[in-house]
Amino acid sequence: MARLRRRACIALFLFTLFIFGTMMGLRTLKPSDGFSDLAPIAERGERRSVSHEAISRPQAATSSDAKAPTPPVYYDLHIFYYMWYGNTHFEGKYLHWDHVMVPHWDPKISASYPKGRHSPPEDIGSSFYPELGPYSSRDPEVLEEHMNQLRAAAIGKDALT
């Protein structure tokens, strides 16, 4: 039994030494070594932020004839766009804004919170209230406004054109 423990300790020590050596070796790599795409943005000297002016400027309705200048596009920004939201104007009822309230895992704490479903438009099943209110993903005006917001945030141009 003592031999097994000794072998296990030696194997663990060698594995730890291998991991430590690998990590130290990776730390010595520089972007000029051909791995510049793997370096964090701060080490590459690039700042990929969008000015607050581009985000906070009011969204005016633009025609397809007059294109406003767009901010530089950054392709390392990603979004998820969910198409399942609905409201009473387009679907006749609220979809995914009125889901069941998720209870806390501890029954004692859960007892102090409301139960049932969210009741839009004031109470929606979201931590943040959308600027456009509980919208429908099928509304063409909402889709256009969301795409304008994505352009203003400089999120990947190819996906939006």
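Residues numbered from 1 in each chain as written. Predicted model: local features only at pLDDT ≥ 70, side-chain atom pairs only at ≥ 80, totals over all residues. Heavy atoms only, no water.

### Quick word on the side chain of H146
Okay, so step 1: Tracing the backbone through its elements, the reader meets H146 in helix 5 (residues 140-152).
Okay, so step 2: Judged by relative accessible area, H146 falls into the buried class, the value being 10%.
Okay, so step 3: If sequence neighbours within four positions are ignored, H146 has contacts with Y81, L132 and Y135. (Helix = DSSP H or I, 4+ residues; strand = E, 2+ residues; numbered from the N terminus. Buried < 20%, exposed > 50% of the residue type's maximum accessible area, 1.4 Å probe, protein only. Contact = heavy atoms within 4.5 Å.)

### Describing the packing of aromatic side chains
Okay, so step 1: If you walk through the whole model with that rule in mind, you get six aromatic pairs.
Okay, so step 2: Considering the side-chain rings of F80 and Y82, the 6.4 Å spacing of their centres and the 5 degrees angle between planes classify their relative orientation as stacked.
Okay, so step 3: By relative accessible area, which is 41% here, Y82 ends up partly exposed.
Okay, so step 4: Taking 6.4 Å as the distance between ring centres and 50 degrees as the angle between the ring planes, the aromatic pair formed by W84 and Y85 counts as tilted.
Okay, so step 5: Judged by its relative accessible area of 41%, W84 is partly exposed.
Okay, so step 6: Ring-pair connections join several aromatic residues into one group, and the members of that group are F80, Y82, W84, Y85, W97 and Y135. (Phe/Tyr/Trp six-rings, centres within 6.5 Å; stacked < 30°, edge-to-face > 60°.)

### Considering the nonpolar core
As a rule of thumb, nonpolar side chains are buried together in soluble globular proteins.
Okay, so step 1: Grouped together as the largest cluster of nonpolar side chains are six residues: Y85, Y94, W97, I124, Y135 and V142.
Okay, so step 2: Residue contacts for Y85: discarding those within four places in its chain leaves E91, L95, H96, W97, Y135, S136 and S137. (Core = buried A, V, L, I, M, F, W, Y, C linked by side-chain atoms within 4.5 Å.)

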